[in-house]
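Residues per chain, in single letters:
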Amino acid sequence: MIREKGYSAMTVDDLCARAGVTKGAFFHHFKSKEDLGVAAAQDWSQMTGALFEQAPYHAPEDPLERVLAYIRFRRDLVAGPIPEFTCVVGTMAQEIHDSLPAVRDACRDSIFGHAETLEADIQAAIDKYGIRAPFDAKSLALHTQAVIQGGFILAKADQDPALAVQSVDHLEYYFKLLFGKEGKTWTPR
């Protein structure tokens with residue numbers, strides 16, 4: 001429901017109706033909508049963490065190929081209606097970044113925690129390919145998340161999932177250019 005309506009527009013009544021529970025049952029489990037937001041971010045982090053932990057992009061031996069496989073995996077996840085592929089924590093963070101610090105912090109933990117899972121592969125690729133640049137693996141891992149989340153925003157703004165796919169394609173091309181794996185022209189896969 002957060003991905004469909006947004007956190008702010010979703011009411012406790014909406015949520016209870018969708019879940020088929022009473023408001024009393026909701027407030028038995030959550031003191032407030034804000035507590036639900038924190039729990040939703042934590043649950044999202046666990047669910048997506050399990051998905052990404054089991055994903056096939058971990059298989060390549062070469063660290064850069066693992067990073068590129070991760071990017072392609074993210075591209076392949078952009079399927080179906082926009083609410084089905086966008087990010088719960090990204091949506092909430094955009095809406096409440098200044099108004100609900102506890103929810104914002106839970107979203108930050110999820111987004112930054114996911115980026116952190118890429119750091120070792122990015123660092124190994126930087127080391128293997130001798131990349132010298134004014135950034136480190138952490139900032140590059142966070143950049144991947146910024147591009148992906150930005151693609152979701154573009155898709156929502158224009159109601160066009162192809163814009164999210166294009167953003168991820170640009171990210172793949174950027175990594176290939178950065179690591180010297182692409183010439184001046186690019187042929188999409």
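So, a few notes on the structure that sits alongside this text. All values reported here derive from a predicted model rather than from experimental measurement.

Examining the layout of surface pockets
If you add up the space inside the largest pocket, you get close to 560 Å³. Where the lining of the largest pocket is concerned, the elements lending two or more residues are α4 (33-53), α5 (63-77), α6 (82-85), α8 (101-129) and α9 (137-158). Residues of the lining of the largest pocket, tallied by class, amount to 13 nonpolar, 11 polar and 6 charged. Approximately 150 Å³ is the volume attributed to the second largest pocket. Surrounding the second largest pocket, Ile-2, Arg-3, Leu-36, Ala-39, Ala-40, Asp-43, Trp-44, Met-47 and Val-88 form its lining. For the lining of the second largest pocket, the secondary-structure elements that each account for two or more residues are α1 (2-5) and α4. Ranked by residues supplied to the lining of the second largest pocket, first place goes to α4 with 6 residues. Here the lining of the second largest pocket is built from residues that sort into 7 nonpolar, no polar and 2 charged.

Focus: unusual backbone geometry
Even without a glycine there, the phi angle at Gln-159 is positive, about 55°. By the element assignment, Gln-159 lies in the loop between α9 and α10 (161-178). Owing to a relative accessible area of 61%, Gln-159 belongs among the exposed residues under this scheme.

Examining the nonpolar core
The nonpolar side chains of a soluble globular protein tend to be buried, and buried together. Within the largest apolar cluster, 54 residues are counted, with the highest numbers of intra-cluster contacts made by Tyr-7, Ile-71, Met-92, Val-103, Ile-122, Phe-175 and Phe-179. When contributions to this core are tallied by element, the ones reaching two or more residues are α2 (12-19), α4, α5, α6, α7 (88-96), α8, α9 and α10. Among the elements that take part in this core, α8 stands out by supplying 9 residues, more than any other. With residues near it in sequence (within four places) discarded, Met-92 still touches Ile-2, Tyr-7, Gly-37, Ala-40, Ala-41, His-97, Val-103 and Cys-107.

About the thresholds
- Residues numbered from 1 in each chain as written.
- Predicted model: local features only at pLDDT ≥ 70, side-chain atom pairs only at ≥ 80, totals over all residues.
- Heavy atoms only, no water.
- 1 Å grid on protein atoms, 1.4 Å probe; cavity = no way out; pocket = protein on both sides within 12 Å on 5 of 7 lines; lining within 4 Å.
- Points joined across faces, edges and corners; volume = space filled by probe spheres on them.
- Helix = DSSP H or I, 4+ residues; strand = E, 2+ residues; numbered from the N terminus.
- Nonpolar A, V, L, I, M, F, W, Y, C, P; charged D, E, K, R; others polar.
- Buried < 20%, exposed > 50% of the residue type's maximum accessible area, 1.4 Å probe, protein only.
- Core = buried A, V, L, I, M, F, W, Y, C linked by side-chain atoms within 4.5 Å.
- Contact = heavy atoms within 4.5 Å.

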